[in-house]
Amino acid sequence: MKEKVVGLLNEAREQELHAISQYMAQHYELEDQGYGKLGKQLKQIAITEMKHAEELAERILFLGGSPVTKPAGEVKKGLSIADLLKNDIQLESGAVKMYNDYAKLCAEEGDHISKGIFEKLLADEEEHLDDFQMTLDHVEKLGDVFITTLIE
Ligand SMILES: [Fe+2]
Ligand SMILES: [Fe+2]
């Protein structure tokens, strides 16, 4: 039971580590380009993902496993605001699907604490997905008029 659940928790941790690096990189790029408002939002989301990575690591350690340190993917740089949001929507949709599936698998393994962790993370990822989707909708509908509001 434990090895399988540790594997799931570590896969989730890889995704979190990737999201952290990706959102931090976007935060720096956006701040640099003057889009501080969106930059700050990404900074806050990156901090939430750091807490997720920590929570997963604590559970992995409790179960006798070793938390992974390598992110799941490469950070993308130099994207337009619309493309950057599309990229983040993909990341969050992936996490939502993964955590739904993994919560179910943890229950099947009889580990309800790990299931609860996935459910808690899932609620945050749904919120991130909603935020990114809403921002992309504004960008697509309003274009530069909206993008100007992100300047800070
Ligand atoms: Fe997360
Ligand atoms: Fe997220």
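Each remark here, short or long, concerns the structure printed above.
Please read these numbers as outputs of a predicted model, since none were measured by experiment. (Residues numbered from 1 in each chain as written. Chains lettered and ligands numbered in written order. Predicted model: local features only at pLDDT ≥ 70, side-chain atom pairs only at ≥ 80, totals over all residues.)

Undergrad: What am I meant to see in the nonpolar core here?
TA: Proteins that are soluble and globular tend to have nonpolar side chains buried together. With 27 residues, the main nonpolar core has L8, L9, A12, Y99, Y102, C106 and F118 as its most contacted residues. Those elements that place two or more of their residues in this core are α1 (2-33), α2 (36-62), α3 (81-108) and α4 (112-142). Here the element with the most residues in this core is α1; it accounts for 10 residues. (Core = buried A, V, L, I, M, F, W, Y, C linked by C-beta atoms within 7 Å. Buried ≥ 20, exposed ≤ 12 C-beta atoms within 10 Å, placed from the backbone. Helix = DSSP H or I, 4+ residues; strand = E, 2+ residues; numbered from the N terminus.)

Undergrad: When you look at the environment of Q41 in this model, what are you seeing that I'm missing?
TA: Position of Q41 among the secondary structure elements: in helix α2. For Q41, a count of 20 C-beta atoms within 10 Å puts it in the buried group. Sequence separation between Q41 and H27 is 14 residues, and the spatial gap between their C-alpha atoms is 8.0 Å.

Undergrad: Looking at this structure, I do not really get the packing of α2 against α4. What am I missing?
TA: Between two packed helices, both the angle of their axes relative to each other and the distance between the axes serve to describe the pair. In the contact formed by α2 and α4, the axes pass within 11 Å of each other and the chain directions differ by 170°. What the angle tells us is that α2 and α4 run roughly antiparallel. Where α2 approaches α4, its residues I45, T48, H52, E55 and R59 are matched on the opposing element by S114, I117, L121, D124 and H128. Of the residues in the contact of α2 with α4, the class split is 3 nonpolar, 4 polar and 3 charged. (Axes fitted to C-alpha atoms, helices over the stretch in contact; angles between N-to-C directions. Parallel < 35°, antiparallel > 145°, perpendicular 65-115°, else oblique. Contact = placed C-beta atoms within 7 Å. Nonpolar A, V, L, I, M, F, W, Y, C, P; charged D, E, K, R; others polar.)

Undergrad: Any chance you could explain the packing of α3 against α4 here in plain terms?
TA: As a packed pair, α3 and α4 sit with axes 8 Å apart at the nearest point and diverge in direction by 160°. Taken as axis vectors, α3 and α4 run roughly antiparallel relative to one another. Classified by chirality, the crossing of α4 by α3 is left-handed. Here the contact of α3 with α4 is built from residues that sort into 18 nonpolar, 7 polar and 8 charged. (Left-handed = near helix turned anticlockwise from the far one by under 90°.)

Undergrad: Explain α3 to me, please; I cannot follow it from the model alone.
TA: The periodicity of an α-helix, 3.6 residues per turn, causes residues three or four positions apart to be oriented the same way. Taking 1.5 Å of rise per residue, 28 residues should cover 40 Å, and α3 covers 41 Å from first to last C-alpha, within 8% of that figure. Taken residue by residue, α3 has L84, L85, D88, L91, E92, A95, Y99, Y102, A103 and C106 as its buried positions. Elements in contact with the buried residues of α3: α1 and α4. G110 sits one or two residues past α3 and shows a positive phi near 80°. (Expected span 1.5 Å × (residues − 1).)

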